[in-house]
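A structural walkthrough
So the chains spell out like this:
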Amino acid sequence: MTTLVLCLDRDGRIAGDRDPPLVGDEQVSALVTGVGIRDPEDARVNSLLEALRVARDLRSEGDEAVVAVVSSASDSVDGDRTIARQVEELVATHRPDAAVIVVDSAEDEQIVPIVESRVRVDAVDRVVVRQARDIESTYYLLKQFLGDEELRAAVLVPLGVALVAFPVLLAVADSIAVALSVVAGVIGTFFLYKGLGVDDLLTSLPRAASDAFYSGQVSFVTYVVAAGLALVGAFVGGLAATEMDQGVLLAGMRFCYESVPWLALAALAAATGRLLDEVLREDRVPNAVMNLPFGIVAIGLVVRGFTAYFLENAEVVGPLVVPASQFGAFAVERVQFTPESRLVVFVVAGVVVSLVGVVVSSFMNGPSVDEVETRQ
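Cut-offs applied
- Residues numbered from 1 in each chain as written.
- Predicted model: local features only at pLDDT ≥ 70, side-chain atom pairs only at ≥ 80, totals over all residues.
- Heavy atoms only, no water.
- Helix = DSSP H or I, 4+ residues; strand = E, 2+ residues; numbered from the N terminus.
- Buried < 20%, exposed > 50% of the residue type's maximum accessible area, 1.4 Å probe, protein only.
- Areas by Shrake-Rupley, 256 points an atom, 1.4 Å probe, with all protein chains shown as cover.
- Pairing = 2+ DSSP bridges.
- Core = buried A, V, L, I, M, F, W, Y, C linked by side-chain atoms within 4.5 Å.
- Salt bridge = Lys/Arg side-chain N within 4 Å of Asp/Glu carboxyl O.
- Phe/Tyr/Trp six-rings, centres within 6.5 Å; stacked < 30°, edge-to-face > 60°.
- Lys NZ or Arg CZ within 6 Å of the ring centre and 35° of its normal.
- Contact = heavy atoms within 4.5 Å.
- Axes fitted to C-alpha atoms, helices over the stretch in contact; angles between N-to-C directions.
- Expected span 1.5 Å × (residues − 1).
- Parallel < 35°, antiparallel > 145°, perpendicular 65-115°, else oblique.
- Left-handed = near helix turned anticlockwise from the far one by under 90°.
- Nonpolar A, V, L, I, M, F, W, Y, C, P; charged D, E, K, R; others polar.
- Arc of directions from axis to C-beta.

Across its full length, the protein carries 14 helices and nine strands. Counting only residues that meet the buried cut, the protein has 32% of its 376 residues in that class. In the form shown here, the protein has an accessible surface area of approximately 22,900 Å², with 63% of it arising from carbon and sulfur atoms.

If you want it as structure tokens, here you go:
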């Protein structure tokens, strides 16, 4: 079995004035002496010695080992293609069954796939000088971190903004607590912005809106309507909450109570538009899409019922009253619900609407005529 022990040098400093690839123990030993005399602190001396040691161990096990060094003039694309040609030359000349790669840096390790595409790689031997192992590992981790644009934008940018903004806020507010609170809030907002993928959503939103507009989707219009209704709901709820002076809890309950109908209508409009798009696009609508409008109405009823229960007990809103009415020969007397009965009515109504949605979706998505004929 012939094994190629390959020492990789991506930046071209190891070969010096010699033309790679360098093959054989004698050439590699001479290269060790030359590199060591030129720069005794160069870690590549250790990688060359490691390649010689690996070849010796393989020969002691009965394998035929060929030591070689491949090198390029730079770490650019042309340099990597040069290494690829050298590897192809070695494979064509020695026809190895496998290869063992010796590297001394993460940069050299990046070209391992180039070798793997031309010969089977059994092992990758990473050489790190023992005295500098921690420093070496830290250096390459920092280098890899700084080379990743996404990590730089997600970590270094908010930290840099915080370091710049802190002294400015401290000078303006003259309070360390205020400065730290503002900086922490900005950093937290940025991390949430990146973590929740808001940036990706905002990037894809204009294209999605353009596609929906030009493709004639009904949901494009209903989404605009839903946004308007949601703004109305937020305005109505906020206006009602500002009139409350009984505390934050009741103000939040009043906001939900007043805004839920508008928010439910907004969600219902958006869900209806999506449902119509599915109906126009497919013969059969998915159950989740069919159930969505009913689920929205059910949730709206339940939330409205619970918020009304709390507000009525706090004497913020009045009781639910059904006025007396006359329907021909039938007469309905005036009915006033207690807070508990009002809550039960809304919860039961929500459950009933949800069950109706399940029944309707099952009926609409029943087996088609073709499927029935196929089963028969």
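Having seen the structure, we can now continue with the description.
When a strand is regular, its side chains alternate between the sheet's two faces. Of all six residues that make up strand S4 (residues 98-103), six are buried, and the element is covered over most of its length. Burial along S4 is two-sided: Ala98, Val100 and Val102 facing one way and Ala99, Ile101 and Val103 facing the other are all buried. Here S4 pairs with strand S5 (residues 121-126) via five bridges, running parallel. Across the sheet, residue Ile101 finds its bridge partner in S5, namely Val124.

A few words now on the environment of Arg85. Note on placement: Arg85 falls in helix H3 (residues 77-94). With 64 residues separating them in the primary sequence, Arg85 and Pro21 have C-alpha atoms 9.7 Å apart.

Here the focus is the pairing of strand S3 (residues 64-71). With seven of eight residues buried, S3 lies mostly within the body of the structure. Bridging between strand S1 (residues 2-9) and S3 involves eight bridges; their strand directions are parallel. Bridge pairing in S3 links Val5 to Val67. In this sheet, S3 lies alongside strand S2 (residues 22-23) in antiparallel orientation, the contact comprising two bridges. Looking at the pairing, Val23 lines up with Ala68 of S3.

The biggest cluster of nonpolar side chains holds 20 residues, and the ones touching the most others in it are Val5, Val28, Leu31, Leu48, Ala51, Val67 and Val69. Looking at this core, the elements that each hand over two or more residues are S1, helix H1 (25-38), helix H2 (44-60), S3 and S4. It is H2 that provides the largest number of residues to this core, a total of seven residues. Membership of the second largest hydrophobic core comes to 19 residues, among which are Leu8, Ala84, Val112 and Val119.

What follows covers the pattern of salt bridges. One pass over the full model with this rule turns up 10 salt bridges. In this structure, Asp25 engages Arg59 in a salt bridge whose closest nitrogen and oxygen atoms are separated by 3.0 Å. Here Asp25, found in helix H1, pairs with Arg59, found in helix H2; they are 34 residues apart in sequence, far enough to count as distant. Take Arg59: its relative accessible area is 35%, and that puts it in the partly exposed class. Salt bridges sharing partners connect three or more residues here, namely Glu50, Arg53, Arg56 and Asp57.

A full pass over the atoms with the stated rule returns one aromatic pair. Between the aromatic rings of Tyr309 and Phe310, the centroid separation amounts to 5.6 Å while the plane-to-plane angle is 70°, which identifies the pairing as edge-to-face. Over the face of the ring belonging to Tyr257 we find Arg304, whose NZ or CZ atom lies 3.8 Å from the ring centre.

Our next topic: the sheet that holds S3. Neighbouring strands of a sheet are bound in pairs by backbone hydrogen bonds; such pairs are parallel or else antiparallel. Spatially, the five strands line up as an open sheet ordered S2-S3-S1-S4-S5, and their pairing is mixed. Of all strands in the sheet, those bounded by a partner on one side alone are S2 and S5. In the sheet, S1 pairs with S4 via five bridges, with the strands oriented parallel. Each residue of the ladder has a partner; that of Thr3, found in S4, is Ala98. Here H3 sits on the sheet and contacts S1, S2 and S3; the angle it forms with S3, its principal contact strand, is near 160°.

We now examine H2. A rise of 1.5 Å per residue sets the reference length of H2, with its 17 residues, at 24 Å; its end C-alpha atoms lie 25 Å apart and thus fit the reference within 8%. Burial in H2 covers these residues: Arg44, Val45, Ser47, Leu48, Glu50, Ala51, Leu52, Val54, Ala55 and Leu58. Here the buried face of H2 lies against S1, H1, S3, S4 and S5. Immediately beyond the C-terminal end of H2, within one or two residues, lies Gly62, with a positive phi of roughly 100°.

Looking now at the packing of H1 against H2. Orientation of H1 relative to H2, taken along the N-to-C sense of each, is 155°, at an axis distance of 9 Å. Looking at the two axes, H1 sits roughly antiparallel to H2. The interaxial crossing formed by H1 with H2 has left-handed handedness. Between H1 and H2, the contacting residues are Asp25, Val28, Ser29, Leu31, Val32, Val35 and Gly36 on the first element and Val45, Leu48, Leu49, Leu52 and Arg59 on the second. Of the residues contributing to the contact of H1 with H2, the split by class is eight nonpolar, two polar and two charged.

Turning to H3, a few remarks are in order. Between its first and last C-alpha atoms H3 spans 26 Å; for 18 residues at 1.5 Å apiece the expected length is 26 Å, and the two agree. Taken together, the buried positions of H3 are occupied by Gly79, Asp80, Ile83, Ala84, Gln86, Val87 and Leu90. The arc that holds every buried residue of H3, seen down its axis, measures 165°, which confines them to one face. Exposed and oriented more than 90 degrees from the buried face of H3 are Val77, Asp78, Arg81, Ala92 and Thr93. Contacts from the buried residues of H3 go to S1, S2, S3 and helix H5 (112-116).

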